[in-house]
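# Report on the structure
Residue strings, one per chain:
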Amino acid sequence: RLETTIADWDRQHDVMARGSFLVTREAARQMEAQGLTGDIVYIVSKNAVAAGPANVAYSAAKADQAHQVRLLATDLGPLGIRVNGLNPDVVVRGSGIFAKGWGADRSRTYGIPQDKLGEFYAHRTLLKHEVPPAHVAAAVFHLCGGHLPPTTALTLPVAPGPARPRELPPFPHRRAAELGRTRTSPPRRRRPRGSPPPGSWSHRPSCSRSAGSFRCR
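Residues numbered from 1 in each chain as written. Predicted model: local features only at pLDDT ≥ 70, side-chain atom pairs only at ≥ 80, totals over all residues. Heavy atoms only, no water.

## Concerning the overall build of the protein chain
In plain terms, the rule: Helix and strand labels come from DSSP, where a helix needs a run of H or I of at least four residues and a strand needs a run of E of at least two; each type is numbered from the N terminus. Throughout, exposure labels follow a simple rule: accessible area from a 1.4 Å probe, protein chains only, divided by the maximum for the residue type, with under 20% read as buried, over 50% as exposed, and the rest as partly exposed. Contact criterion: two residues are considered in contact whenever any of their non-hydrogen atoms come within 4.5 Å of each other. Method for areas: the Shrake-Rupley scheme with a 1.4 Å probe, in which residue coverage is limited to the protein chains shown.
A tally of regular secondary structure across the protein chain gives six helices and five strands. For the protein chain, the N- to C-terminal ordering of α and β elements is α-β-α-β-α-α-α-β-α-β-β. A total of 217 residues make up the protein chain; the buried ones form 28% of that total. Counted over contacts in the protein chain with a minimum sequence separation of 6, partners at least 24 positions apart contribute 68%. A total accessible area of about 15400 Å² is found for the protein chain, and carbon and sulfur atoms account for 57% of it.

Now the structure itself:
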């Protein structure tokens, strides 16, 4: 987005991308020093893989986090440390960032009242449900609670189905039918039965040289 400033970009990446890496690095160092195995879980976002309007700095930082999950799982696997992530859909109720200005920004972007954001995001999904913080916490518990011991390098969605695609404009022939018109096209030329299609090898003329002249048929 053209309005995104360098300061906006740096802050999002400093807090989420750089911050997540530094915390994970220090935690892994302590776990290795103490001979501990365990789990590290990144709270990423569906924006790591799904593009949204006016959200480039945040979404790019989340994509960075999502790839850190795979990279760190590779590095820390030999130590017995599992690294996984979660891609929650939008969490409106109980969200700190929505209460601190993000909700107002999203409200302006989508042109809807701020108190209707939860309903708006839920309506886009297959199950028409919001994602509360408790659902994200439950997913973290399953990753860390021994339910998935052989799982690492996974980014798990916490979402009531992907957002529905926007309705595409009708195709030209459908639009013509709606307007009561018939779409016309140039008449097709018919080939004689048994003749090879144009461009095929057998359709090309065969030529021979005889008495200093060429003869083609």
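## So, unusual backbone geometry
Look at K128: it is not a glycine, yet its phi comes out positive at around 60°. Assignment of secondary structure puts K128 in the loop between α4 (117-123) and α5 (133-144). Taking relative accessible area as the criterion, K128 reaches 38% and is therefore assigned partly exposed. The phi torsion at A153 lies on the positive side, around 65°, for a residue other than glycine. Overall, the relative accessible area of 35% leaves A153 in the partly exposed class.

## Here we look at the sheet that holds strand β3 (residues 155-158)
Put simply, the test is: A pair of strands is treated as paired once DSSP finds two or more bridges between them. Only the contacting stretch of a helix is used when fitting its axis, a line to C-alpha atoms as for every element, and angles between N-to-C directions run 0 to 180 degrees.
Spatially, three strands are ordered β1-β2-β3 in an open sheet, and the strand pairing comes out parallel. Strands with a single pairing partner mark the edges of an open sheet, and in this sheet they are β1 (38-43) and β3. Pairwise comparison of adjacent strand axes, ignoring direction, gives a mean angle of 25° for this sheet. Across the sheet, helix α1 (residues 6-33) touches β1 and β2 (81-88), and the angle it forms with β1 is around 175°.

## Some details on the layout of surface pockets
Heads up, the rule is: Space inside and on the surface of the protein is sampled on a 1 Å grid over the protein atoms alone, with a cavity defined as a set of points where a 1.4 Å probe fits but cannot get out and a pocket as an open set with protein on both sides within 12 Å along at least 5 of 7 lines; lining residues have an atom within 4 Å of a point. Grid points are joined across faces, edges and corners, and a volume is the space filled by probe spheres set on the points. In this classification, Asp, Glu, Lys and Arg are treated as charged, Ala, Val, Leu, Ile, Met, Phe, Trp, Tyr, Cys and Pro as nonpolar, and every other residue, Gly included, as polar.
In this structure, the second largest pocket occupies an estimated 740 Å³ of space. Taken together, 23 residues make up the lining of the second largest pocket; nearest its centre are D8, R11, Q12, Y58 and W102. Elements with a minimum of two residues in the lining of the second largest pocket: α1, α2 (56-76) and α3 (96-110). Here the residues of the lining of the second largest pocket are counted per class, giving ten nonpolar, five polar and eight charged.

## Describing the pairing of β1
Inclusion rule: Every crossover in which the path from the first strand over the helix to the second runs clockwise, viewed with the strands pointing away from the viewer, is termed right-handed.
The two faces of β1 differ: G38, I40 and Y42 on one face are buried, but D39, V41 and I43 on the other face are not. Bridge count between β1 and β2: six bridges; the pairing is parallel. Looking at the pairing, D39 lines up with R82 of β2. In the classification by handedness, the crossover that spans β1, the intervening α2 and the parallel β2 is right-handed.

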